[in-house]
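# Understanding the architecture of this molecule
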Amino acid sequence: MENSYLILKCSQTILKLELKKITHFLVNDYLLTVFCLNGNSHSCCSSLKSMEDKLPENFFKINRNCIVNVNLIYSLQVKKREIIMQNDFRLKVAKSKWTEIKKKMILLNQLNNGLENTN
């Protein structure tokens, strides 16, 4: 069973965040920011790589600066090669990652439809 929480150390604060409520991680100049569904964001000094190693497989690196929670993607904008998250953030996807993120979305859709059909 995957961990349902992420413990994040931000300066003088230690946060316990629910993974299912984290939409994405964005890094800029060694400052990692975690964005949540409720609109909150939390920043700390960490690398994207160290965070990537701690996350379950429903999190996917879409470019060199961003990891998204695939479960919280609202839509894929094909012409712009962009993801819109459920909290309305728009994120660019690297050309090399575009096919893989589309496959993950299709797989997620199939899994969700399979769960709905069993009820």
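In short, a report on the structure. Residue numbers run consecutively from 1 along every chain, following the written order of its sequence. Residues qualify for local features only when their pLDDT is at least 70, as the model is predicted, and side-chain atom pairs are given and counted only at 80 or more; totals for whole chains, interfaces and linings, by contrast, use all residues. By convention in this description, side-chain values take in all heavy atoms of the structure and omit both hydrogens and water.

Let us look at the overall build of the protein. For the protein, the helix and strand inventory stands at two helices and ten strands. Helix and strand labels come from DSSP, where a helix needs a run of H or I of at least four residues and a strand needs a run of E of at least two; each type is numbered from the N terminus. Listed N to C, the secondary structure of the protein is β-β-β-β-β-α-β-β-β-β-β-α in terms of helices and strands. Expected size for 119 residues packed as a compact globule is a radius of gyration near 14 Å; at 15 Å, the protein falls within 12% of this value. Projected onto the principal axes, the alpha-carbon positions of the protein cover approximately 45 × 35 × 25 Å. Summary of the burial criterion: residues with accessible area below 20% of their type's maximum are buried, those above 50% are exposed, and those between are partly exposed, where the area comes from a 1.4 Å probe applied to protein chains only. Within the protein, buried positions represent 39% of all 119 residues. Within the protein, contacts between residues separated by at least 24 positions form 38% of all contacts whose residues are at least 6 apart in sequence. A radius of gyration in this sense is built from C-alpha atoms; the matching globule rule multiplies 2.2 Å by the number of residues raised to 0.38. Contact criterion: two residues are considered in contact whenever any of their non-hydrogen atoms come within 4.5 Å of each other.

Before going further, it helps to examine the pattern of salt bridges. Every case where a carboxyl oxygen of Asp or Glu lies within 4 Å of a side-chain nitrogen of Lys or Arg is listed as a salt bridge. Taken as a whole and assessed by the stated rule, the structure comprises four salt bridges. With its nearest N and O atoms 3.3 Å apart, the salt bridge here joins K49 to D53. In this structure, K49 and D53 share a single accessibility class: exposed. Where E82 meets R90, a salt bridge forms, and the shortest distance between an N and an O atom there is 2.9 Å. The class for R90 is partly exposed, based on a relative accessible area of 48%. Among the ionic contacts, a cluster of salt bridges with common partners joins E18, K20 and K21.

Only protein atoms enter the 1 Å grid used here. Points where a 1.4 Å probe fits but cannot escape make up a cavity, open sets with protein on both sides within 12 Å along at least five of seven lines make up a pocket, and a residue lines them when an atom lies within 4 Å of a point. Grid points are joined across faces, edges and corners, and a volume is the space filled by probe spheres set on the points. Counted as a void, the largest pocket has a volume near 200 Å³. Around the largest pocket sit E57, N58, V70, N71, K104, L107, L108 and L111, which together line it. Split by residue class, the lining of the largest pocket holds four nonpolar, two polar and two charged. Residues are sorted three ways: Asp, Glu, Lys and Arg are charged, Ala, Val, Leu, Ile, Met, Phe, Trp, Tyr, Cys and Pro are nonpolar, and all the rest, Gly among them, are polar.

This part is about the sheet that holds strand β5 (residues 41–45). With antiparallel pairing, five strands are arranged side by side in an open sheet as β5-β4-β3-β7-β6. Looking along the sheet, the strands with just one partner apiece sit at the ends: β5 and β6 (59–63). Pairs of neighbouring strands in the sheet enclose a mean axial angle of 20°, with direction left out of account. One bridge is not enough; two strands pair if DSSP finds at least two bridges between them. Helix axes are fitted to C-alpha atoms over the stretch in contact, other axes to C-alpha atoms as well, and angles between N-to-C directions run from 0 to 180 degrees.

Looking now at the sheet that holds strand β9 (residues 82–85). Taken in spatial order, the three strands line up as β8-β9-β10 in an open sheet, and their pairing is antiparallel. Whereas interior strands pair on both sides, the edge strands pair on one side only; in this sheet they are β8 (73–77) and β10 (90–92). When the angles between neighbouring strand axes are averaged without regard to direction, this sheet yields 25°. Judged from the three bridges that link them, β9 and β10 form a sheet pairing that is antiparallel. In the sheet register, I83 faces β10, and the bridge partner there is L91.

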